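Read off the chains here:
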Amino acid sequence: MVYRKTWMLFLSVVVWLQKCVTLKTHTPPHIVFIVADDLGWNDVSWHNSDLLTPNLERLARNGIILDSSYALPSCTPSRNSYMTGMYPFHTRPDPIEPPEPYYIPLKFPLLPERLKQLGYSTHMVGKWHLGFCNEKYTPTRRGFDSFFGFYIGSQCHYYHDKAGYVQNEDSINLSLKSPHHVLVQSLLAARRRYYVTGKDFRFNDTIWRETEGTYSTIAFANRAVDIIKRHDPEVPLFLYLPFQAPHTPVTVPYQYSQLYKNIASPVRRVYSGMVSAIDEAVGNITRALYEKGFMDNLLLVFTSDNGGQPEMGGNNWPLRGAKSSVWEGGTRVPTFVYSESLLQRRRYVSNELLHSVDWFPTFLEAAGGRPERGIDGKSQWSMLTKGQPSGRNEFVYQISSDGKGALRMGDHKLLVGKPGHHNGWYAPPSKTKISKWHYKGGKFDSVAYTNDEYQLYNIREDPAERTNIAKDYPEITRKMLRRFQYHNSTKVPAFKNMRAGDGHSDPGNYGGFWSPGWC
């Protein structure tokens, strides 16, 4: 009898422990999603020992380095893919300038909206760049409980101002009515657009000036730390932290650029300092996560929204191309995942394919949500947590409005039309002094672009894209072209009846700030 009672007690303890383990396993993890802006492939210390990023490298080396992680070639398209799980040619957003009335249509649910439905507290700190012409397109109306940052794509890192051209309605109307149409056209050409400057910084929906004079990377890190310290660890947290740096303007507090006295190129020296400032910020944020006890159930992801700009200090060596191109240098980005409890296998480099549209469904599955229907992204949760193969064998680099772009299928990459403005291979300008405006890259690209309509590369064997094999493998080229044409046929039309440079966006109408309310 005693034996039976002891046995029953033992079984009850086992069942209780199993329930505890099950509950612990299914507790939604805290998610911290950090995005650097224009950070190149060769701009992190695990790819380039000249860079000083010890905090990032510690996390990367103790997590999973994703060396086949891809983004779109520029800012807005990548951010669109994070938030919707959709390719931008399915949602419309192109890079948005301040006076442009573009946005993500409301019919597409955003990631924070889905996570809020799963009980998450959602916070954003940093750069939005997904449209702001109407309040309903801004972060706190699209699922974020709080927002600290700016709406537009770039600005002064200290004083938050940004210039842009808007259209002069009076000169346009006058030119259309004038009987001397050609003469008036030329006389008013300079008056058609006028140059304006506005500030842009918000705390939630309120204009915020208290951080003016503070370097943005530091301000964003301080806000992220404050969110973490105030947050209840029992409530799952989603913290989206898209830094402004190292995007232009290339500037950083003096102590960071002084870490790179060995670099002769001034722009590269300051840019490298911007990267180290991000590293310090991430160190401060992870310290707060440890102190608050978040690390026991945390998923931290670090990535870049596109490749670096060589003429602005960024570097993608040995990859070809740069930001705004569909070469690997514009789209293959430094990425890692870190967790102390969620990854069955850590401390390795993965070459499994992952695209920026995959973060939406991956985070959704991590949070315990149901798969989202009708999106382009594929959840990579099993690949990250269990070391399984990627659920992806194909992705679209980009399809522009005129049908140009690139497609990946397995190891092969097909380019259709001109890949972009950067077509060369740009070694880091660290050994010899090179003037910023004469750096070999961008406008001064010395690499002639081939006139071939199609190009084919084997990325696994030729990651630097030096040998076009389209003529050697015509069957693969034709097969991939048919697939590319299929994707192109699914492209949605551009926004209609919307003019870039809308004069109603003039910051002068809103107290000197780029603000919603004009579309």
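Cut-offs applied
Residue positions within a chain follow its written sequence, with the count starting from 1. For this predicted model, a pLDDT threshold of at least 70 governs which residues receive local features, and a threshold of 80 or more governs which side-chain atom pairs are given and counted, while totals over whole chains, interfaces and linings are taken from all residues. Side-chain numbers here rest on the full set of heavy atoms in the structure, without hydrogens or water. Each pair of aromatic rings taken from Phe, Tyr and Trp, with Trp reduced to its six-membered ring, is defined by centres within 6.5 Å and is described as stacked if the planes are under 30 degrees apart, edge-to-face if over 60, and tilted in the remaining cases. Only DSSP runs of H or I reaching four residues or more are called helices, and only runs of E reaching two or more are called strands; each is numbered from the N terminus. We call a residue buried when its accessible area falls under 20% of the maximum for its residue type, exposed when it is over 50%, and partly exposed in between, using a 1.4 Å probe and counting protein chains only. We call a charge positioned above a ring when the Lys NZ or Arg CZ atom is no farther than 6 Å from the ring centre and deviates by at most 35 degrees from the ring normal. Here a strand pair is declared whenever DSSP counts at least two bridges between the two strands. For this analysis, residues touch if any pair of their heavy atoms sits within 4.5 Å. Lines are fitted to the C-alpha atoms to define the axes, a helix being fitted only along its stretch in contact, and any angle between axes, read from their N-to-C directions, falls within 0 to 180 degrees. Oblique is the label for every angle not falling under 35 degrees (roughly parallel), over 145 degrees (roughly antiparallel), or within 65 to 115 degrees (roughly perpendicular). Only Asp, Glu, Lys and Arg are considered charged in this grouping, and only Ala, Val, Leu, Ile, Met, Phe, Trp, Tyr, Cys and Pro are considered nonpolar; every other residue, Gly among them, is considered polar.

Draft legend 1. Structural detail: the packing of aromatic side chains. A full pass over the atoms with the stated rule returns 27 aromatic pairs. Judged by centre distance (5.6 Å) and plane angle (85°), the rings of tyrosine 70 and tyrosine 397 are edge-to-face. Taken together, the positions of tyrosine 70 in strand 3 (residues 69-70) and tyrosine 397 in strand 15 (residues 394-399) put the pair 327 residues apart, joining distant regions of the chain. Like tyrosine 397, tyrosine 70 is buried. A ring pair is formed by tryptophan 128 and phenylalanine 144, whose centres lie 6.5 Å apart and whose planes are at 90°; its orientation type is edge-to-face. With tryptophan 128 in the loop between strand 4 (121-127) and strand 5 (146-150) and phenylalanine 144 in the loop between strand 4 and strand 5, this pair connects stretches of sequence that are 16 residues apart. There is no split in this pair, since tryptophan 128 and phenylalanine 144 are both buried. An aromatic cluster is present here, built from Phe33, Tyr82, Trp128, Phe144, Phe238, Tyr240, Trp359 and Phe363 joined pairwise through their rings. The side chain of arginine 332 reaches across the aromatic face of tryptophan 41, ending 5.3 Å from its centre.

Draft legend 2. A look at the sheet that holds strand 9 (residues 206-207). Ordered in space as 9-8-5-4-10-1-11-12-2-13, the 10 strands form an open sheet in which the pairing is mixed. One side of each edge strand has no neighbouring strand; the edge strands of this open sheet are strand 9 and strand 13 (348-350). When strand 1 (residues 30-36) meets strand 11 (residues 298-304), the two strands line up parallel, connected through 7 bridges. What sits directly across from valine 32, in strand 11, is leucine 300. Sheet contacts for helix 8 (residues 216-230): strand 4, strand 5, strand 8 (202-203) and strand 10 (237-242); angle to strand 5, the most-contacted strand, approximately 175°.

Draft legend 3. Main features of the packing of helix 8 against helix 10 (residues 266-292). Running from N to C, helix 8 and helix 10 cross one another at 10°; their axes reach a closest spacing of 9 Å. By the angle between their axes, helix 8 is roughly parallel relative to helix 10. Residues Thr217, Ala221, Ala224, Val225, Ile228 and Lys229 of helix 8 form the contact with helix 10, whose own contacting residues are Ala277, Ile278, Ala281, Asn284, Ile285, Ala288, Leu289 and Lys292. Broken down by class, the residue content of the contact of helix 8 with helix 10 amounts to 10 nonpolar, 2 polar and 2 charged.

Draft legend 4. Structural view of the pairing of strand 18 (residues 454-458). Within strand 18, 4 of the 5 residues are buried, which leaves it mostly tucked inside the rest of the structure. Summarising the sheet, strand 17 (residues 412-416) and strand 18 pair through 5 bridges and their orientation is antiparallel. Paired with leucine 414 across the strands is leucine 456, a residue of strand 18.

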